[in-house]
Amino acid sequence: SQELEQSPQSLIVQEGKNLTINCTSSKTLYGLYWYKQKYGEGLIFLMMLQKGGEEKSHEKITAKLDEKKQQSSLHITASQPSHAGIYLCGAARLNYQLIWGAGTKLIIKP
Amino acid sequence: EAGVAQSPRYKIIEKRQSVAFWCNPISGHATLYWYQQILGQGPKLLIQFQNNGVVDDSQLPKDRFSAERLKGVDSTLKIQPAKLEDSAVYLCASSWRRGYTFGSGTRLTVV
């Protein structure tokens, strides 16, 4: 199984609706990162979470970290077409390497 | 602050040809990474440099891939000869402590 499980694999959401993407690690987390990617392009940093219970928000995107469960969730409120893309979670390991989930492809229906 | 620069943005080559990618990290970032991302998958680490030394290249297919980071700044990744399965986005990232910055990537298509 994957070291970092991300779900769902893809998501189609009506514009204006809320959505949640989850990320679960099978190993100790030394930081959990959320990035957004347009198809075939580079990664855009969204948020980094380090401490259990930590929650960060940027515009309509909120990310939380449950350190005990080694899980993080990314929640988008009132989705817009600009939110469409691929969302990737990355887990930092002790050696500073990032291990990645497979990504969640988000499509926003007008 | 300038970001991580990568070139070229796109490259189409025939199988068995060679190709090279270039990366210029953020000034002062000692650690540099090259990732391969097959479309529809998460990035896979190919090689990690700390200054001009290799920290981890365990997933680099060394029979065809090579990478160097001369003087601990710029880096190049080379594929020779390319195979069809090398078609992917090649991402360069640099980091300082636990802050990672990615370049725009190079999309390679091998035909």
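Counting restarts for each chain: residues are numbered from 1 in the order of the written sequence. Starting at A for chains and at 1 for ligands, labels are handed out in the order in which the entities are written. Given that this is a predicted model, residues contribute local features only at a pLDDT of at least 70 and side-chain atom pairs are listed and counted only at 80 or more, while totals for whole chains, interfaces and linings are drawn from all residues. Side-chain measures here rest on the full set of heavy atoms in the structure, leaving out hydrogens and waters.

pLDDT runs from 0 to 100 and stands for how confident the predictor is about each residue. Residues at a pLDDT of 70 or more form 99% of chain A, whose mean pLDDT is 92. Helix numbers and strand numbers start at the N terminus; a helix is a DSSP run of H or I with at least 4 residues, a strand a run of E with at least 2. Confidence, expressed as mean pLDDT per element, reaches its minimum in chain A at strand β10 (residues 98-100) of chain A with 91 and its maximum at strand β2 (residues 10-14) of chain A with 97.

Once that is clear, we can look at the layout of surface pockets. Put simply, the largest pocket is a space of about 350 Å³. In terms of lining residues, the largest pocket is bounded by 20 residues, among which A:Trp100, B:Gly42, B:Pro43, B:Lys44 and B:Leu45 are the most central. Elements with a minimum of two residues in the lining of the largest pocket: β10 of chain A together with β5 (44-50) of chain B. For the lining of the largest pocket, the per-class residue count stands at nine nonpolar, eight polar and three charged. There is about 210 Å³ of room inside the second largest pocket. Those elements that provide at least two residues to the lining of the second largest pocket are β9 (85-92) and β11 (104-109) of chain A. Class assignment of the residues belonging to the lining of the second largest pocket gives a composition of five nonpolar, eight polar and one charged. The method works on a 1 Å grid over the protein atoms by themselves. A cavity is a set of points holding a 1.4 Å probe that cannot get out, a pocket is an open set with protein on both sides within 12 Å along at least five of seven lines, and residues with an atom within 4 Å of a point line them. Grid points are joined across faces, edges and corners, and a volume is the space filled by probe spheres set on the points. Polarity classes work like this: nonpolar for Ala, Val, Leu, Ile, Met, Phe, Trp, Tyr, Cys and Pro, charged for Asp, Glu, Lys and Arg, and polar for all others, with Gly in that last group.

Attention shifts here to the sheet that holds strand β7 (residues 61-66) of chain A. Residues and elements named next belong to chain A. A sheet is described by the order of its strands in space; here five strands give the open sequence β1-β3-β8-β7-β6, paired in antiparallel fashion. Here the strands that pair on one side only, and so sit at the sheet edges, are β1 (4-7) and β6 (55-58). The sheet shows a mean angle of 15° between the axes of neighbouring strands, direction not considered. Two strands qualify as a pair provided DSSP detects at least 2 bridges between them. The pairing of β7 with strand β8 (residues 71-76) spans six bridges and is classified as antiparallel. Paired with aspartate 66 across the two strands is glutamine 71, which belongs to β8. Orientation is described by axes fitted as lines to C-alpha atoms, over the contacting stretch for helices, and by angles from 0 to 180 degrees between their N-to-C directions.

So, on to the confidence of the model for chain B. Across chain B, the average pLDDT comes to 94, with 99% of residues at 70 or higher. Looking across chain B, the model is least confident in strand β10 (residues 99-102) of chain B, with a mean pLDDT of 90, and most confident in strand β8 (residues 75-79) of chain B, with 98.

Residue and element names in this part refer to chain B. Read across the open sheet, the four strands follow the order β1-β3-β8-β7; overall the sheet is antiparallel. Because the sheet does not close on itself, it has two edges, and the strands there are β1 (5-7) and β7 (65-68). Put simply, the sheet's adjacent strands are angled 15° from each other on average, direction ignored. Where β7 and β8 come together, four bridges link them in antiparallel fashion. Within β8, the position partnered with serine 66 by the bridge is lysine 78.

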